Amino acid sequence: MDEKELISFAKKGDHRAFAILFREHYPILVKYLMKITMDPDLAEEFAQGTMAKCVEKIHLFNGKSKFSSWLISIATNLYIDQHRKKKREREWNEGEAATRKLQWYMESRNEEWTDALDALAMLTDEMRIPLILKHYYGYSYDEIGEIMNIAAGTAKSRVHHGLLAVRKELKLDDRSKRDLAKR
């Protein structure tokens, strides 16, 4: 049976066809992933994940590329997605640690740590920096743009969205609505 026939049977749910395809392509896939991950255990893990994704998505294989190329693209995307996820987790953890350190620093000096600082800590740097420059230090949008090397309109937008996020975090909009309802 040639590869096209195996794929056709696999698309119909033939487990034997899947087994043959996997046996033929698994070693190539693992070798590729070892070069990408530089870790044999991780390569095996991604190869297994790739094969699981293949079973799930075999109906999407259109035959325009080689089956091995399709598997490699699945593996590459799984690796990139995992790498991005770990990077986001690491950055979040670093941000959390920095916030705790700043809070401890301020409290150890008997300075007040407010809910506003907690809300600011939740913002990305892209929103937090222009917001602080505008509302704590009084810089104009043009000046913020120059400092951050962005357009003044972008600075204004980031300040606006930063304020909305801070208000949401502090639930200021809910309080304002309740206060208006009481009047």
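These notes cover the structure that comes with them.

The rules behind each value
- Residues numbered from 1 in each chain as written.
- Predicted model: local features only at pLDDT ≥ 70, side-chain atom pairs only at ≥ 80, totals over all residues.
- Heavy atoms only, no water.
- Helix = DSSP H or I, 4+ residues; strand = E, 2+ residues; numbered from the N terminus.
- Buried < 20%, exposed > 50% of the residue type's maximum accessible area, 1.4 Å probe, protein only.
- Contact = heavy atoms within 4.5 Å.
- Areas by Shrake-Rupley, 256 points an atom, 1.4 Å probe, with all protein chains shown as cover.
- Core = buried A, V, L, I, M, F, W, Y, C linked by side-chain atoms within 4.5 Å.
- Salt bridge = Lys/Arg side-chain N within 4 Å of Asp/Glu carboxyl O.
- 1 Å grid on protein atoms, 1.4 Å probe; cavity = no way out; pocket = protein on both sides within 12 Å on 5 of 7 lines; lining within 4 Å.
- Points joined across faces, edges and corners; volume = space filled by probe spheres on them.
- Nonpolar A, V, L, I, M, F, W, Y, C, P; charged D, E, K, R; others polar.
- Arc of directions from axis to C-beta.
- Axes fitted to C-alpha atoms, helices over the stretch in contact; angles between N-to-C directions.
- Parallel < 35°, antiparallel > 145°, perpendicular 65-115°, else oblique.
- Left-handed = near helix turned anticlockwise from the far one by under 90°.

1. Some points on the overall build of the chain
Okay, step 1: Counting its regular elements, the chain contains nine helices and zero strands.
Okay, step 2: Scanning the chain from its N terminus toward the C terminus, one meets helices and strands in the order α-α-α-α-α-α-α-α-α.
Okay, step 3: A total of 183 residues make up the chain; the buried ones form 23% of that total.
Okay, step 4: Counting contacts in the chain only where the partners sit at least 6 residues apart, residues at least 24 apart contribute 44% of the total.
Okay, step 5: Of the roughly 13,100 Å² of accessible surface on the chain, a fraction of 53% belongs to carbon and sulfur atoms.

2. Comments concerning the environment of Tyr141
Okay, step 1: Considering the arrangement of structural elements, one finds Tyr141 in helix H7 (residues 141-148).
Okay, step 2: Given a relative accessible area of 25%, Tyr141 falls into the partly exposed group.
Okay, step 3: Tyr141 sits 18 residues away from Val159 along the chain, and the two C-alpha atoms are 9.0 Å apart.
Okay, step 4: Ignoring sequence-local partners within four residues, the contact set of Tyr141 consists of Lys134, Ala152, Ala155, Lys156 and Val159.

3. Quick look at the nonpolar core
Okay, step 1: Leu29, Leu33, Cys54, Ile58, Phe67, Trp70 and Leu71 are the most contacted members of the largest nonpolar core, which totals 23 residues.
Okay, step 2: Within the residue set of this core, elements represented by two or more residues are helix H1 (3-11), helix H2 (15-37), helix H3 (40-57) and helix H4 (67-108).
Okay, step 3: In terms of residues, this core owes the most to one element, H2, which gives eight residues.
Okay, step 4: When residues no more than four places from it in sequence are discounted, the contact partners of Leu29 are Ala47, Thr50, Met51, Leu71, Ile72 and Ala75.
Okay, step 5: Residues Leu120, Leu123, Val159 and Val166 belong to the second largest nonpolar core, which totals seven residues.

4. A closer look at the pattern of salt bridges
Okay, step 1: Taken as a whole and assessed by the stated rule, the structure comprises three salt bridges.
Okay, step 2: Among the ionic pairs, Asp125 bridges to Arg128, the shortest N-O distance being 2.3 Å. Taken together, the positions of Asp125 and Arg128, both in helix H6 (residues 125-135) and three residues apart, correspond to about one turn of that helix.
Okay, step 3: Exposure remark for Asp125: the relative accessible area of 47% places this residue in the partly exposed category.

5. Comments concerning the layout of surface pockets
Okay, step 1: The volume enclosed by the second largest pocket comes to roughly 200 Å³.
Okay, step 2: Leu42, Glu45, Phe46, Gly49, Leu78, Tyr79, Asp81, Gln82, His83 and Lys86 together form the lining of the second largest pocket.
Okay, step 3: Broken down by secondary-structure element, the contributors of at least two residues to the lining of the second largest pocket are H3 and H4.
Okay, step 4: The greatest single-element share of the lining of the second largest pocket, amounting to six residues, is contributed by H4.
Okay, step 5: The residue inventory of the lining of the second largest pocket, partitioned by class, reads four nonpolar, three polar and three charged.

6. Things to note about the environment of Lys12
Okay, step 1: Here Lys12 lies in the loop between H1 and H2.
Okay, step 2: We classify Lys12 as exposed; its relative accessible area is 67%.

7. Here we look at H1
Because an α-helix completes one turn every 3.6 residues, residues spaced three or four positions apart along the sequence face the same direction.
Okay, step 1: Buried within H1 are the following residues: Leu6, Ile7 and Ala10. What you see down the axis of H1 is that its buried residues fit within an arc of 100 degrees, all on one side.
Okay, step 2: Within two residues after H1, Gly13 carries a phi angle of roughly 95 degrees, on the positive side.

8. So, the packing of H6 against H7
Packed helices, taken two at a time, are described by the angle their axes make and the gap between the axes.
Okay, step 1: The interhelical angle for the contact between H6 and H7, taken along N-to-C directions, is 135 degrees, at an axis separation of 10 Å. Our classification of the angle between H6 and H7 gives oblique. Crossing of H6 over H7 shows right-handed handedness. Between H6, through Glu126, Ile129, Pro130, Leu133 and Lys134, and H7, the contact on the second element is made entirely by Tyr141, Ile144, Ile147 and Met148.
Okay, step 2: Here the contact of H6 with H7 is built from residues that sort into seven nonpolar, no polar and two charged.

The analysis is restricted to geometry; functional conclusions fall outside its scope.
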